[in-house]
Amino acid sequence: MRTFEKSSKLDHVSYDIRGPVVAQAAAMEAQGEKVLKLNIGNPYPFGFSAPKAVLDEMVDRIQSSQGYSDSKGLSEAREAILSYCKKKNLPNVGCEDIYTGNGVSELISIAMQALLNDGDEILIPAPDYSLWTASATLSGGNVVHYICDEKSDWYPDLDDIRRKITDKTKAIVVINPNNPTGALYPREVLEQIVQVAREHELIIFCDEIYDRLVMDGLEHVSIASLAPDLFCVTFNGLSKSHMVAGFRLGWMVLSGNKEIAKDYIDGLVLLSSMRLCSNVPAQSVVKMALDCIDSTKEYLCPGGRIYEQRECIYNALKAIPGISVVKPKAAFYIFPKLDTERFHITDDEQFALDLLREKKVLIVNGSGFNWPNPDHFRIVYLPDVELLKTATDRLADFLSTYRQK
């Protein structure tokens, strides 16, 4: 059995939505101050709701959801997920290859625990959703961050990926659509990543939780569909697309060449069994939810809330002197860049704290997503247009005089 290294390995790991800035915001709220929160991708507080059919199904099924399910999940839930996988062209998948979890977060932790021994390396994007880095580090692995290139619509830098592969590299993580940048990777970029993984016999981990929140008439392509000869693990769920973040229901799908990963799969079975099963009431609505697969499309078209809020935040940020920004194509995040020389910024966490204290606007600094430079921050654009305008007005006023000491 693998042994754990001291938790002090996490000293340099960033935590997306937690830390000193969020603690300061909580302290301010405890004193009665109103904070405009742009830091967390939780749709419900901003007036988004699950489809009525999904909520009704939860109520109807609660009586029969009181016991444990199979450790991988209810058969009907996994069958519904399997049908979705077929629509996404994931190769060589059966119900036995599908694991439900208490959100994708739990499954990422299980996947990393089963994979990594001390000293193993795993490639994770920068910026990333920082749970990936934290889970891999806790599992004893060494995280190597490859750069996503802002000048190329935040696509992964293939040359940087190649430079960073060693004989200790076991896998590569692809977050598409991406949190925190909102980037959507085209087929040709995914094909290049697959070819690199093929050349170096890497496992591909695909975080696709936002695959149904795509705008501008674009199409999401699952990277696993391009790699039938490789072993891929794809993560998805209902939290974002169906606005049910609190239900904690995600899934993990094994596809492609499973023969080369038998020992790893045995580890996944063991670890998933140890936590007994995922949330059964949430599992019970998977079939209904996937039958309502287009429930968020109205939000993503011109005139829809998410689309119009993206347009609002992008145009407002672009108009602020000292900020540049790439327009996101998916999800509900935007990752603007600060002119660090103009504002004398050397510490992005201090920037976030200063903005919070002076203007009561809560954002996440870029280093919270393992971005190496103090020049970015993430905004969640779930609040309505009026709130976003208020936030960007405050930000513009703040930056008009800000110089970091």
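Scroll up to find the structure.
Residues numbered from 1 in each chain as written. Predicted model: local features only at pLDDT ≥ 70, side-chain atom pairs only at ≥ 80, totals over all residues. Heavy atoms only, no water.

### Quick word on the overall build of the chain
Then comes step 1: Regarding its fold elements, the chain presents 15 helices and 15 strands.
Then comes step 2: Rg of the C-alpha trace for the chain: 21 Å, near the compact-globule value of 22 Å for 405 residues, within the 12% margin.
Then comes step 3: Sequence separation of at least 24 residues holds for 75% of the intrachain contacts in the chain that already meet a minimum separation of 6.
Then comes step 4: Accessible surface for the chain amounts to roughly 16900 Å². Of this, 50% is attributable to carbon and sulfur atoms.
Then comes step 5: Computed over 44 positive and 55 negative side-chain charges, the separation of the two mean positions in the chain equals 3 Å. (Helix = DSSP H or I, 4+ residues; strand = E, 2+ residues; numbered from the N terminus. Rg over C-alpha atoms; globule rule 2.2 N^0.38 Å. Contact = heavy atoms within 4.5 Å. Areas by Shrake-Rupley, 256 points an atom, 1.4 Å probe, with all protein chains shown as cover. Lys, Arg positive; Asp, Glu negative; His and termini not counted. Charge placed at Lys NZ, Arg CZ, Asp CG, Glu CD.)

### Quick word on the layout of surface pockets
Then comes step 1: Its boundaries defined by the atoms lining it, the second largest pocket holds a volume of some 590 Å³.
Then comes step 2: The wall of the second largest pocket is formed by 23 residues, among which K88, D211, R212, H220 and K297 lie closest to the centre.
Then comes step 3: Among the elements of the structure, α3 (75-87) and α11 (297-300) are those that each provide at least two residues to the lining of the second largest pocket.
Then comes step 4: When its residues are assigned to classes, the lining of the second largest pocket shows 8 nonpolar, 6 polar and 9 charged. (1 Å grid on protein atoms, 1.4 Å probe; cavity = no way out; pocket = protein on both sides within 12 Å on 5 of 7 lines; lining within 4 Å. Points joined across faces, edges and corners; volume = space filled by probe spheres on them. Nonpolar A, V, L, I, M, F, W, Y, C, P; charged D, E, K, R; others polar.)

### Things to note about the nonpolar core
Then comes step 1: Residues M112, I122, F205, F235, I306, F351 and L399 are the most contacted members of the largest nonpolar core, which totals 77 residues.
Then comes step 2: At 7 residues, helix α4 (residues 103-115) tops the list of elements feeding residues into this core.
Then comes step 3: In this view, L399 contacts I320, I323, L338, F343 and F351; residues no more than four positions away in its chain are not counted.
Then comes step 4: The next biggest cluster of nonpolar side chains, apart from the first, holds 58 residues, and it includes W154, A282, V285 and L290. (Core = buried A, V, L, I, M, F, W, Y, C linked by side-chain atoms within 4.5 Å. Buried < 20%, exposed > 50% of the residue type's maximum accessible area, 1.4 Å probe, protein only.)

### So, the side chain of R310
Then comes step 1: Along the chain, the position of R310 falls in helix α12 (residues 305-318).
Then comes step 2: Among all residues touching R310, those that are not within four sequence positions of it are M215, D216, K327, P328, K329 and Y381.

### Digging into the environment of Q192
Then comes step 1: In this structure, Q192 sits in helix α7 (residues 187-200).
Then comes step 2: Between the C-alpha atoms of Q192 and L158, which are 34 residues apart in sequence, the distance is 7.5 Å.

### Examining the pairing of strand β7 (residues 203-207)
Then comes step 1: Along β7, 5 of the 5 residues are buried, which leaves the element largely enclosed by surrounding structure.
Then comes step 2: As paired strands, strand β6 (residues 169-175) and β7 are joined by 5 bridges and run parallel to one another. The residue bridging V173 from the neighbouring strand is F205, located in β7.
Then comes step 3: Crossover handedness for the path β6 to α7 to β7: right-handed. (Pairing = 2+ DSSP bridges. Right-handed = clockwise from strand over helix to strand, strands pointing away.)

### Describing the packing of aromatic side chains
Then comes step 1: Evaluation of the coordinates by the stated rule reveals 17 aromatic pairs.
Then comes step 2: Each ring, one from Y210 and one from Y333, has its centre 5.5 Å from the other, and the planes form 85 degrees; the classification is edge-to-face. Placement of the pair is Y210 in the loop between β7 and β8 (231-237) and Y333 in strand β11 (residues 333-334), with a sequence separation of 123 residues. No difference in accessibility class separates Y210 from Y333, as the two residues are buried.
Then comes step 3: An aromatic cluster is defined as three or more aromatic residues linked by ring pairs; in this entry it consists of W132, F205, F231, F235 and Y264. (Phe/Tyr/Trp six-rings, centres within 6.5 Å; stacked < 30°, edge-to-face > 60°.)

### Some remarks on empty space enclosed by the protein
In this approach the atoms are scanned with a rolling probe the size of a water molecule, which exposes any empty space left behind.
Then comes step 1: Using the criterion set out here, one finds 2 cavities of 30 Å³ or more in the structure.
Then comes step 2: Along its surface, the largest cavity is lined by Y84, C85, K88, L90, E208, D211, S222, T234, N236, W251 and V253.
Then comes step 3: Per-class residue counts for the lining of the largest cavity are 5 nonpolar, 3 polar and 3 charged.
Then comes step 4: Lining the second largest cavity are L38, L355, V361, I363, I379, A391, T392 and L395.

### Here's the deal with the pattern of salt bridges
Then comes step 1: Using the criterion set out here, one finds 22 salt bridges in the structure.
Then comes step 2: Where K258 meets D97, a salt bridge forms, and the shortest distance between an N and an O atom there is 2.6 Å. Highlighted residues: K258 in the loop between β9 (250-256) and α8 (262-274) and D97 in the loop between α3 and β2 (98-101), separated in sequence by 161 residues. Each member of the pair, K258 as well as D97, is classed as buried.
Then comes step 3: Here K262 makes a salt bridge to E259, at a shortest N to O gap of 3.1 Å.
Then comes step 4: Residue class for K262 comes out partly exposed when judged on its relative accessible area of 48%.
Then comes step 5: Take E259: its relative accessible area is 57%, and that puts it in the exposed class.
Then comes step 6: Among the ionic contacts, a cluster of salt bridges with common partners joins D216, R310, E311 and K327. (Salt bridge = Lys/Arg side-chain N within 4 Å of Asp/Glu carboxyl O.)

### Observations regarding the sheet that holds β6
Consider a sheet: its strands pair through backbone hydrogen bonds, and that pairing is either parallel or antiparallel.
Then comes step 1: Strand order in the open sheet formed by 8 strands is β2-β9-β8-β7-β6-β3-β4-β5, and the pairing between neighbours is mixed. Edge positions in the open sheet fall to β2 and β5 (155-156), since each of these has one partner strand only.
Then comes step 2: The sheet strands contacting α8 are β2, β7, β8 and β9, and the helix crosses β2 at an angle near 35 degrees. (Axes fitted to C-alpha atoms, helices over the stretch in contact; angles between N-to-C directions.)

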